[in-house]
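Structural description and commentary
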Amino acid sequence: MSKLIFPALEVPTLEIAGSSDRIPVQRVFCVGRNYEAHAKEMGFAVDREEPFYFTKSPESIVADGSTIPYVAGTENYHYEFELVVVIGKPAFRVSKEDALDKVFGYACGLDMTRRDLQLSRRAKQLPWDLGKDVEFSAPCSAVVTADKLPDPSTGRIEMRQNGVQKQDADLSLLIWSVPEIINHLSGFYHLRPGDVIFTGTPAGVGAVQPGDVLEGTIANVGSLKIKIGDKE
Ligand code: MN
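Rules used in this analysis
Residues numbered from 1 in each chain as written. Predicted model: local features only at pLDDT ≥ 70, side-chain atom pairs only at ≥ 80, totals over all residues. Heavy atoms only, no water. Phe/Tyr/Trp six-rings, centres within 6.5 Å; stacked < 30°, edge-to-face > 60°. Helix = DSSP H or I, 4+ residues; strand = E, 2+ residues; numbered from the N terminus. Buried < 20%, exposed > 50% of the residue type's maximum accessible area, 1.4 Å probe, protein only. Lys NZ or Arg CZ within 6 Å of the ring centre and 35° of its normal. Core = buried A, V, L, I, M, F, W, Y, C linked by side-chain atoms within 4.5 Å. Contact = heavy atoms within 4.5 Å. Donors = N, O, S within 2.8 Å, 3.2 Å for Na, K, Ca; no water. Pairing = 2+ DSSP bridges. Axes fitted to C-alpha atoms, helices over the stretch in contact; angles between N-to-C directions.

**Comments concerning the packing of aromatic side chains**
Applying the stated criterion across every chain yields a total of four aromatic pairs. Centroid distance Phe54 to Trp128: 5.8 Å. Interplanar angle 45°. Geometry classified as tilted. A residue pair is termed long-range when its members are at least 10 positions apart, and Phe54 in strand 4 (residues 53–56) and Trp128 in the loop between helix 3 (115–123) and helix 4 (129–132) qualify at 74 residues. Given the relative accessible area of 9%, Phe54 is considered buried. Summarising the aromatic geometry, the rings of Tyr70 and Tyr77 are spaced 5.6 Å apart at their centres and angled 65° between planes, so their arrangement reads as edge-to-face. The buried category is assigned to Tyr77, whose relative accessible area is 0%. One aromatic cluster is present, built from ring pairs that chain together Phe52, Phe54 and Trp128. Sitting over the face of the ring of Tyr70, Lys231 holds its NZ or CZ atom 4.7 Å from the ring centroid.

**Focus on the nonpolar core**
Core analysis: the biggest nonpolar cluster contains 44 residues, and Tyr106, Leu110, Met112 and Ile197 have the highest contact counts within it. The contact partners of Tyr106, leaving out residues within four places of it in the chain, are Leu83, Val84, Val85, Leu100, Ala142, Val143, Val144, Ala146, Leu149, Pro152, Val178 and Val221. In terms of nonpolar packing, the next biggest core, distinct from the first, is built from 17 residues, Leu14, Cys30, Phe54 and Trp128 among them.

**Regarding the coordination of the manganese ion**
Within the protein, the atoms that donate to the manganese ion are Glu80 (OE), Glu82 (OE) and Asp111 (OD), at distances of 2.0 to 2.1 Å. Donor residues for the manganese ion sit on one chain with the sequence pattern E-x1-E-x28-D. Of this pair, Glu82 sits in strand 8 (residues 81–87) while Asp111 sits in the loop between strand 9 (103–110) and strand 10 (113–114), and the two are 29 residues apart along the sequence. We classify Glu82 as buried; its relative accessible area is 0%. Asp111 gets classed as buried once you look at its relative accessible area, which sits at 0%.

**A look at the pairing of strand 13 (residues 156–161)**
For strand 13 and strand 14 (residues 164–170), the ladder comprises six bridges, and the chain directions are antiparallel. Bridging from a neighbouring strand, Glu158 pairs with Asp168 of strand 14. Count of turn residues in the strand 13/strand 14 antiparallel hairpin: two residues, of which Asn162 carries a positive phi of about 50°. Alignment of strand 13 against strand 17 (residues 213–218), held across five bridges, turns out to be antiparallel. Bridged to Met159 within strand 17 is Gly216.

**Quick word on the sheet that holds strand 16 (residues 206–207)**
Within the open sheet, the three strands sit side by side as 10-7-16. Their pairing is antiparallel. Pairing within the sheet leaves two strands with one partner each, and these edge strands are strand 10 and strand 16. Of the pairings in the sheet, the one linking strand 7 (residues 77–79) to strand 16 comprises two bridges and is antiparallel in character. What sits directly across from His78, in strand 16, is Ala207.

**Examining the sheet that holds strand 17**
Read from one edge of the open sheet, five strands run 6-18-17-13-14, paired in mixed fashion. Here the strands that pair on one side only, and so sit at the sheet edges, are strand 6 (67–70) and strand 14. Pairs of neighbouring strands in the sheet enclose a mean axial angle of 20°, with direction left out of account.

**A few points about the pairing of strand 4**
Looking along a regular strand, one sees the side chains alternate between the two faces of the sheet. Side chains Phe54 and Lys56 of strand 4 all project onto a buried face; the interleaved residues Tyr53 and Thr55 project onto a face where none is buried. Here strand 3 (residues 28–31) runs beside strand 4; their pairing, made up of four bridges, is antiparallel. When the sheet's bridge partners are listed, Phe29 is paired in strand 4 with Thr55.

Here you go:
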């Protein structure tokens, strides 16, 4: 009988609010430029033709309350605070009308980004992986079940850096709504329970420094608090 010659990675998991059970994280999808004011601050007119995505490795998920390193390879490490959707049922070619039935719940997430590398790759029309698929770059809160946010098209989303408000918006400003994202993404992927989708960040992104504390809340979802550790 054959055996694995290297230890397999442990499946990353998310806490479920109010439960001792946990969610295995399968894949991490992220929507780009999904708030008009953020698209503008990144130098783009908003594109309503179709959403676009990038992915992070599931191992980039870290728990609420963690200290994450100021990762290697960047001099401009940025926060992006986002609503995270957790898929709870298989979803392939799902209509907008049926999309919310596939959602297990929601969480608060940070899409930490090597902004310098994202922008330099973007300028050369190269992939964004080094900018976005970053180790420890997807802090995620406990997941609340979907009944706590029956209408994900409304609710305040805000984030503070060292107690100073940096991002303050509303989910109603999402260019692509949660049902529209699931409808579109499920046309390309057989979405599975445990897949998570970072839905994009509002305006107000910025750089972090070692020692910073990031704390964000989304109405009816909860909050997430992360500390930035030393430079690697
Ligand atoms: Mn993002």
